[in-house]
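# Observations on the three-dimensional arrangement
So you can see what is in the structure, the chains are spelled out below.
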Amino acid sequence: MSVLPLVFTSGWASGINAYAVVLLLGVFGATGVSDEVPEALQRPDVLIAAGVLFLCEAVADKIPYVDSVWDSVHTVIRPVSGAVVGALLAGQSGSLPDLAAGAVGGSTALASHAVKAGTRMAINTSPEPFSNVVMSTAEDLGVGGLISFAMFYPEAAAVIAAVLLVIGLFLLFFLVSRIRRFLRRRAQRREEKRLAGRAGAPPP
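This section reports on the structure supplied with the text. Computed from a predicted structure; not experimentally measured.

Criteria and thresholds
Residues numbered from 1 in each chain as written. Predicted model: local features only at pLDDT ≥ 70, side-chain atom pairs only at ≥ 80, totals over all residues. Heavy atoms only, no water. Core = buried A, V, L, I, M, F, W, Y, C linked by side-chain atoms within 4.5 Å. Buried < 20%, exposed > 50% of the residue type's maximum accessible area, 1.4 Å probe, protein only. Helix = DSSP H or I, 4+ residues; strand = E, 2+ residues; numbered from the N terminus. Contact = heavy atoms within 4.5 Å. Phe/Tyr/Trp six-rings, centres within 6.5 Å; stacked < 30°, edge-to-face > 60°. Polar contact = N/O pair within 3.5 Å; in protein donor to acceptor, adjacent residues only side chain to side chain. Salt bridge = Lys/Arg side-chain N within 4 Å of Asp/Glu carboxyl O. Axes fitted to C-alpha atoms, helices over the stretch in contact; angles between N-to-C directions. Left-handed = near helix turned anticlockwise from the far one by under 90°. Nonpolar A, V, L, I, M, F, W, Y, C, P; charged D, E, K, R; others polar. Parallel < 35°, antiparallel > 145°, perpendicular 65-115°, else oblique.

## Let's talk about the nonpolar core
With 27 residues, the main nonpolar core has Trp-12, Ala-13, Val-21, Leu-25, Leu-89, Val-143 and Ile-147 as its most contacted residues. Of the residues forming this core, the biggest block, 10 residues, is contributed by helix H1 (residues 4-30). When sequence neighbours within four positions are dropped, the list of residues in contact with Leu-89 reads Val-3, Leu-6, Val-7, Ser-10, Glu-36, Val-37 and Pro-38.

Here it is in structure tokens:
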């Protein structure tokens, strides 16, 4: 079970930025920092693809509303990535069944993705764009820092990830009402535009 803390931490991080997790783990494995990183994540093509997609996410994640669209597209990608990374880590160490590791990594990634996506929807209710940049930068630094920390202190990193996940879920619970009001206002504006378009259309 020694790989479980790393699986949990990588799952949490995958729910926020899956490409950063793959890129960091691959680099740590390729440079010999950790022996627990499977060779599949160290392949040059995987590292290049993860690097390019990470740069795309770094840009899209800082643009209001574009970040929410990006999150919607990654509702499946991030949990699947967390599950695959978890299964690969378990297969490399042999200390945890692949299926169990995949379930832990995938479910943790899904939970942290829900927190990220919900928080971003709440932030997008604010008219200014700076909070998106600050939050995205903090997420990138948090993922990079915690994955790096997990290479040397996996148990401590898993505890930190668990605390962050619980705090995020509680925060999301309190933000739900704000998100609902925002969605209702947006639907109302769309309906008003549709009705205005009908009113301004020439008669047949």
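## Observations regarding the packing of aromatic side chains
This structure, assessed with the given rule, holds 2 aromatic pairs. Judged by centre distance (5.2 Å) and plane angle (35°), the ring pair of Phe-149 and Tyr-153 falls under tilted. With relative accessibility at 30%, the residue Phe-149 sits in the partly exposed group. Taking the centre distance of 5.5 Å and the plane angle of 80° together, the rings of Phe-173 and Phe-174 count as edge-to-face. Phe-174 shares its class with Phe-173; the two are exposed.

## Regarding the side chain of Asp-61
Counting through the fold element by element, Asp-61 comes out in the loop between helix H2 (44-60) and helix H3 (66-93). Within the structure, the side chain of Asp-61 is placed 3.1 Å from the side chain of Ser-136, a separation counted as a polar contact. Those residues in contact with Asp-61, other than ones at most four positions away along the chain, are Asp-67, Asp-71, Lys-116, Arg-120, Asn-132, Ser-136 and Glu-139.

## Quick notes on the pattern of salt bridges
Summed over all chains, the structure comprises 9 salt bridges. Here Asp-67 ties to Arg-120 by a salt bridge, and the two come within 3.0 Å at their closest N and O atoms. Within this pair, whereas Asp-67 is found in helix H3, its partner Arg-120 is found in helix H4 (residues 98-123), the two being separated by 53 residues in sequence. Judged on exposure class, the residue Asp-67 and its partner Arg-120 are both buried. Between Asp-71 and Arg-78 there is a salt bridge, with the nearest N and O atoms lying 2.9 Å from each other. Arg-78 gets classed as buried once you look at its relative accessible area, which sits at 0%. Overlapping salt bridges, with partners in common, bring together Asp-61, Asp-67, Lys-116, Arg-120 and Glu-139 in one network.

## Focus: the packing of H1 against H4
Viewed as axis vectors pointing N to C, H1 and H4 meet at an angle of 35°, and their least axial separation amounts to 6 Å. In terms of crossing hand, the pair formed by H1 and H4 is right-handed. Residues Leu-4, Val-7, Phe-8, Gly-11, Trp-12, Ser-14, Gly-15 and Ile-16 of H1 pack against Ala-101, Val-104, Gly-105, Thr-108, Ala-109, Ser-112, His-113 and Lys-116 of H4. Classifying every residue of the contact of H1 with H4 gives 8 nonpolar, 7 polar and 1 charged.

## Looking at the packing of H4 against helix H5 (residues 130-152)
Where H4 meets H5, the axes come as close as 10 Å, and the angle between the chain directions of the two elements is 160°. Viewed along their axes, H4 and H5 adopt a mutual orientation that is roughly antiparallel. In this structure, the crossing between H4 and H5 has a hand that is right-handed. Across the interface between the two elements, Lys-116, Thr-119, Arg-120 and Ile-123 of H4 pack against Ser-131, Asn-132, Met-135, Ser-136 and Glu-139 of H5.

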